[in-house]
Amino acid sequence: MRPPVILEPSTTYSSNSSSYSPSSDRRLNTIAKHFVNHVQMDSHNISPSPTASSDSVFAQIVRAPEDAILGVTVAYNKDTSPIKLNLGVGAYRTEEGKPLVLDVVRRVEHQLFTDGSRNKEYIPIVGLADFNKLSAKLIFGADSPAIQENRVTTVQGLSGTGSLRVGGEFLAKHYHERVIYLPQPTWGNHIKVFTLAGLTVKTYRYYAPATRGLDFQGLLEDLGAAPSGSVVLLHACAHNPTGVDPTLEQWEQIRQMIRSKSLLPFFDSAYQGFASGSLDADAQPIRLFVADGGELLAAQSYAKNMGLYGERVGALSIVCKSADVASRVESQLKLVIRPMYSSPPIHGASIVAAILKDRDLYNEWTIELKAMADRIINMRQQLFDALRARGTPGDWSHIIKQIGMFTFTGLNPEQVSFMTKEYHIYMTSDGRISMAGLSSRTVSHLADAIHAAVTQVA
Ligand code: KET
């Protein structure tokens, strides 16, 4: 334990010296006296041994379970096996199994570092203006009429999660309908984010286990039966955890249903560029909705497509009917953000803005992004081939049909825990595997584990 700091009371600052002390000295005097009393009091009260936990004011607190996704990494980190493999969290790994910082990001960071004119002042509540403008362009398209008509308000957010939360809080405070429909299944954190934001969470049918595809009929029926005005959460592309997306024709029908029922679409775009390798193609569903002139929300994340996971950089855009409404909406978003985290961090958004602003850097980024998407697609083929080669029972064609970071394998929780115990393979209990965590080196190990699980565990 560090010894307590004892300030020597100085005669200069003694209480009876006030007759000749300047006022600043008197202030210091008071502070010093306060310090001395405080430290002496504390040192009398310091107990040499820790108190029993039953004395704690927090003694009644129950241990919470680990997060269903991030807890997988916690368990993985504790495993000492050299063959362990983390296919839990959706985070890109190289062929060597290492996290990747994009070359373009490294380059921009170097530029930022050497630019002596930069400082660390607070940025505005809504974030960096350039970043916001460029993020809206990235998702809605450079020629989007909504942007040209100033009907979009964009605020920088704490990655995808923070942007969803700000959007949720804004709706809970200002929107007339407090129900949000989530696809069944969805990213587990959606439920908590929107519930804690003050919305009531309901679900719509999305995935058909029998076909391992989209339950399109169920989806349309459930959205058709939702009360007018309800909010509908849509994964913009690369649906998590299923890897199943509607076709563009299906998106068009979904759009018609949503608009005809006056539902409010809220897009979660965490994987733009990761589904097809093309930023524009992956944004097509959102652009369909913007093109009809209607209103919507969109949360963007740069965690995956720029590999900026820990920088927490994202954006929330709200497309409104008019510029006037958009500016009033923005004024209220500021009131949501200010007491929550005051203003967003500067570093990640500066990286993104620099890349989006410069044609060469942007092109370089799209090439690196495509390479990541292609490596994942290649892993799908390799895993599919490896299971076929082993004669693993079942139809595994969904591995190559599904898109984005994840394969929703269909393995049950018992099979997953068998694979973790016997093969040190870590994944979420719903049978989702992050294809981005797989490499040519580890495919055969995974295929062995799946084969054993399917043939040995019911
Ligand atoms: N939306 C979806 C659909 C999503 O999968 C994630 C992250 C996010 C938002 C939020 O990402 P952020 O880092 O806040 O920008 N999903 C992966 C990581 C996680 O669970 O936090 C995952 O599913 O593994």
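Please read all numbers here as calculations on a predicted model, not as lab measurements.

(A) The site of the ligand, seen in detail. Near the ligand, the surroundings consist of 18 residues, among which Ser159, Thr161, Asn240, Asp268 and Ser301 are the closest. In the model, an oxygen atom of the ligand is placed 2.5 Å from a nitrogen or oxygen of the Ser159 side chain. Taking Tyr271, its side chain carries an N or O atom lying 2.7 Å from an oxygen atom of the ligand. When the ligand is considered free in solution it has 520 Å² of accessible area, and contact with the protein chains removes 93% of it. Taken together, the residues of the shell around the ligand sort by class into seven nonpolar, seven polar and four charged. Both domain 1 (69-100 + 374-456) and domain 2 (122-357) contribute no fewer than three residues apiece to the shell around the ligand.

(B) Main features of the side chain of Ser301. The residue Ser301 is located in strand E9 (residues 296-301) in this model. A polar contact of 3.0 Å, which involves the side chain of Ser301, links it to the backbone nitrogen of Ala303. Ignoring any residue separated from it by four or fewer positions in sequence, one finds Ser301 in contact with Ser159, Gly160, Ser269, Ala270, Val313 and Gly314.

(C) Spatial organisation of unusual backbone geometry. The residue after Gln184, namely Pro185, is reached through a cis peptide bond having omega 5°. Following Asn240, the chain continues to Pro241 via a peptide bond in cis, the omega torsion being 15°. In this structure, Pro241 sits in the loop between strand E7 (231-235) and helix H9 (248-260). The phi torsion at His424 lies on the positive side, around 60°, for a residue other than glycine. In this structure His424 comes out as partly exposed when scored by relative accessible area, which is 22%.

(D) Spotlight on the sheet that holds strand E3 (residues 179-184). The strand order across the open sheet built from seven strands is E2-E10-E9-E8-E7-E3-E4, with neighbouring strands paired in mixed fashion. Since the sheet does not close on itself, it has two edges, and those belong to strand E2 (152-158) and strand E4 (200-205), each with one partner. Strand-to-strand twist of the sheet, defined as the mean angle between neighbouring strand axes without regard to direction, takes the value 25°. Here five bridges tie E7 to strand E8 (residues 264-269), and the two strands are oriented parallel to one another. From the neighbouring strand, His235 faces E8, where its bridge partner is Asp268. Of the strands in this sheet, E2 and strand E10 (313-319) are in contact with helix H11 (residues 323-341), which crosses E2 at around 15°.

(E) Focus on helix H2 (residues 70-78). Every buried residue of H2 is listed here: Gly71, Val72 and Tyr76. Considered in projection along H2, the buried side chains sweep an arc of 145° and stay on one side of the axis. Away from its buried face, by an angle of more than 90 degrees, H2 presents the exposed residues Leu70, Asn77 and Lys78. Buried-residue contacts for H2 involve strand E1 (85-86) and strand E12 (425-426).

What counts, and where the lines are drawn
- For every chain, the first residue of the written sequence is number 1, and numbering continues from 1 along that sequence.
- It should be noted that, the model being predicted, local features are given only for residues of pLDDT at least 70 and side-chain atom pairs only at 80 or more, the latter also being counted only at that level, while totals for whole chains, interfaces and linings use all residues.
- Only hydrogens and water are set aside; all other atoms, that is, all heavy atoms of the structure, feed into the side-chain values.
- Only heavy atoms are used to decide nearness, and a residue is near a molecule or strand if one of them lies within 4 Å of it.
- Under this definition, polar contacts are N or O atom pairs within 3.5 Å; protein pairs additionally need one hydrogen-donor-capable and one acceptor-capable atom, and for neighbouring residues in sequence, both atoms have to be side-chain atoms.
- Exposure was quantified through the Shrake-Rupley algorithm and a 1.4 Å probe, taking into account, for residues, occlusion by the shown protein chains and nothing else.
- Amino acid classes used here: Ala, Val, Leu, Ile, Met, Phe, Trp, Tyr, Cys and Pro are nonpolar; Asp, Glu, Lys and Arg are charged; the rest, including Gly, are polar.
- Domain extents, as shown, originate in an automatic or database domain assignment.
- Counting from the N terminus, the helices are the DSSP runs of H or I reaching at least four residues and the strands are the DSSP runs of E reaching at least two.
- Between two residues, a contact is recorded if the distance between any of their heavy atoms is within 4.5 Å.
- Only protein chains enter the accessibility calculation, which uses a 1.4 Å probe; a residue whose area is less than 20% of its type maximum is buried, one above 50% is exposed, and one in between is partly exposed.
- The rule for pairing is simple: two strands pair if DSSP sees at least two bridges between them.
- Here the axes come from fitting lines to C-alpha atoms, over the contacting stretch only for helices, and the angles between their N-to-C directions go from 0 to 180 degrees.
- Of all possible arcs, the one meant is that of the directions from the helix axis to the C-beta atoms.

Taken by themselves, the reported measurements are silent on function.
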